[in-house]
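Architecture at a glance
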Amino acid sequence: MNFYDQVYAVVRCIPSGKVTSYGRIARMLGRPRAARAVGYALNALKDHHQDPNFEPVPWHRVINAAGRISTVNRELTANRQADLLRDEGVSVNEDLTLHLERYLWAGLSLMEIENILREIRD
DNA sequence: ACAGTGACAACAT
DNA sequence: TATGTTGCCACTG
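Residues numbered from 1 in each chain as written. Chains lettered and ligands numbered in written order. Predicted model: local features only at pLDDT ≥ 70, side-chain atom pairs only at ≥ 80, totals over all residues. Heavy atoms only, no water.

So, the protein's contact with DNA strand C
- What surrounds DNA strand C is the set Asn2, Phe3, Tyr4, Arg31, Arg33, Arg36, Ala37 and Tyr40.
- At the protein interface, 76% of the atoms of DNA strand C within 4 Å belong to sugar or phosphate.
- Note that a phosphate oxygen of DNA strand C is positioned 2.5 Å from one of the side-chain N or O atoms of Asn2.
- Interatomic distance of 3.2 Å between a backbone N/O atom of Phe3 and a phosphate oxygen of DNA strand C.
- Looking at the surface near DNA strand C, the elements with two or more residues in it are helix 1 (3-11) and helix 3 (35-43).
- Here the surface near DNA strand C is built from residues that sort into four nonpolar, one polar and three charged. (Near = heavy atom within 4 Å. Polar contact = N/O pair within 3.5 Å; in protein donor to acceptor, adjacent residues only side chain to side chain. Helix = DSSP H or I, 4+ residues; strand = E, 2+ residues; numbered from the N terminus. Nonpolar A, V, L, I, M, F, W, Y, C, P; charged D, E, K, R; others polar.)

Dropping the structure here:
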């Protein structure tokens, strides 16, 4: 069972106008210390850009635990991420921070997670 | 098999 | 408050 695909499945559940953090996604998947790997999974999305069968992932709705858009190694795309969020009604400050509690996604219940993971493995 | 690599996060100064 | 340090772990060559 591929951790990346699990991450993508969860991120696809984040509704427009909401955000969550790398660490929260890791915890939802039962890997509380895999936050870093979540970021790595999102970075790997560029490998799918050509694949027409790949369901899009709203990667821009994932930010860090401090309520800030990550800029590590992606100074260029961080600003694009901010614009994508603004298009969804999220108020992103000039310094790429936002009011996390205000836009935080409630997340998935244990049962919902199980259903999602069940659909992935085949 | 194994060492290197991060879109993290919690701590320590 | 703001940096720096350290533990982390899935994935890759």
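Describing the environment of Leu98
- Relative to the elements of secondary structure, Leu98 occurs in the loop between helix 4 (75-87) and helix 5 (100-103).
- By relative accessible area, which is 7% here, Leu98 ends up buried.
- For the pair formed by Leu98 and Ser109, sequence separation is 11 residues and the distance between their alpha carbons is 25 Å.
- Apart from the residues lying within four places of it in its own chain, the contact partners of Leu98 are Val19, Ile63, Gly67, Leu85, Val90, Ser91, Val92, Asn93 and Tyr103. (Buried < 20%, exposed > 50% of the residue type's maximum accessible area, 1.4 Å probe, protein only. Contact = heavy atoms within 4.5 Å.)

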